[in-house]
Each structure stands twice: as C-alpha cells, then as structure tokens.
Amino acid sequence: GCHNCAAFKEMWEVEKENWPNVKFTDVSLMDPQGQELVQKYQIFASPGIIINDELFSTGGVNKDEFIKKLQDLSKE
C-alpha cells in the first residue's frame, strides 16, 4: 500500500536491465529482517534504499540521483 515503494519498484522494473550487476531485494519492514534494517539504518519512511550497506534514501527516491549513484559506483 506504500505509494513511494510502488513508485520505486515501477522505476526499477524499467531500469534494472541497465544494471545487471545490481541485486534488488524487497524486504518488508514488518518482518524481522526489515525491523533489523529499520533499527540499523534509522529508517523512518518507506522505502529505505540501502546501497552497499549504506542508507541512500528514505521516503521518495529521486530517479536521477539514484541512477547517478549507480553510475558512480560502477566507476569504482
């Protein structure tokens, strides 16, 4: 029921073919793994986007910033 989560998943469905080395894992904040991530990363709004064990964003996701982050990581 989360609008921001649905928007991110929809965006990722379009973009994922451009990023074959990126693993996407959908974790519900309601199950134990999700609760562990909430506490570890101090996630206060969904979705919490974690990239390489670092909190990238919470709440809405800016597509351009997300793609730039993936591009920057691809250069490393």
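Please read all numbers here as calculations on a predicted model, not as lab measurements.

Draft legend 1. Inspection of the overall build of the protein chain at higher detail. Along the backbone of the protein chain there are 3 helices and 2 strands. Helices (α) and strands (β) of the protein chain occur, in sequence order from the N terminus, as α-α-β-β-α. In terms of overall dimensions, the protein chain is globule-like: its C-alpha atoms have a radius of gyration of 12 Å, near the 11 Å expected for 76 residues. Referenced to the eigenvectors of the C-alpha coordinate spread, the extents of the protein chain come out at roughly 30 × 25 × 20 Å. Nonlocal contacts in the protein chain, meaning residues at least 24 apart in sequence, comprise 32% of its contacts between residues at least 6 apart. Carbon and sulfur atoms make up 48% of the accessible area of the protein chain, which totals about 5,700 Å². Once the 8 positive and 13 negative side-chain charges of the protein chain are each reduced to a mean point, those two points are 3 Å apart.

Draft legend 2. Representation of the environment of isoleucine 49 in the model. Checked against the element boundaries, isoleucine 49 lands in strand 1 (residues 48–51). Classification of isoleucine 49 as buried rests on a relative accessible area of 7%. Along the backbone, isoleucine 49 and glycine 60 are 11 residues apart, and their C-alpha atoms lie at a distance of 9.5 Å.

Draft legend 3. Highlighting the side chain of serine 57. Considering the arrangement of structural elements, one finds serine 57 in strand 2 (residues 54–58). Not counting residues up to four positions away in its chain, the partners in contact with serine 57 are Pro47, Gly48 and Ile49.

Draft legend 4. Expanded view of helix 3 (residues 63–75). Between the first and last C-alpha of helix 3 there are 19 Å, a value that for 13 residues agrees with the 18 Å anticipated at 1.5 Å per step. Residues of helix 3 that are buried in the fold lie against helix 1 (3–15), strand 1 and strand 2. At the N-terminal boundary of helix 3, the capping side chain belongs to asparagine 62, with an oxygen 2.9 Å from the backbone nitrogen of aspartate 64.

Conventions and cut-offs
- Residues numbered from 1 in each chain as written.
- Predicted model: local features only at pLDDT ≥ 70, side-chain atom pairs only at ≥ 80, totals over all residues.
- Heavy atoms only, no water.
- Helix = DSSP H or I, 4+ residues; strand = E, 2+ residues; numbered from the N terminus.
- Rg over C-alpha atoms; globule rule 2.2 N^0.38 Å.
- Contact = heavy atoms within 4.5 Å.
- Areas by Shrake-Rupley, 256 points an atom, 1.4 Å probe, with all protein chains shown as cover.
- Lys, Arg positive; Asp, Glu negative; His and termini not counted.
- Charge placed at Lys NZ, Arg CZ, Asp CG, Glu CD.
- Buried < 20%, exposed > 50% of the residue type's maximum accessible area, 1.4 Å probe, protein only.
- Expected span 1.5 Å × (residues − 1).
- Polar contact = N/O pair within 3.5 Å; in protein donor to acceptor, adjacent residues only side chain to side chain.

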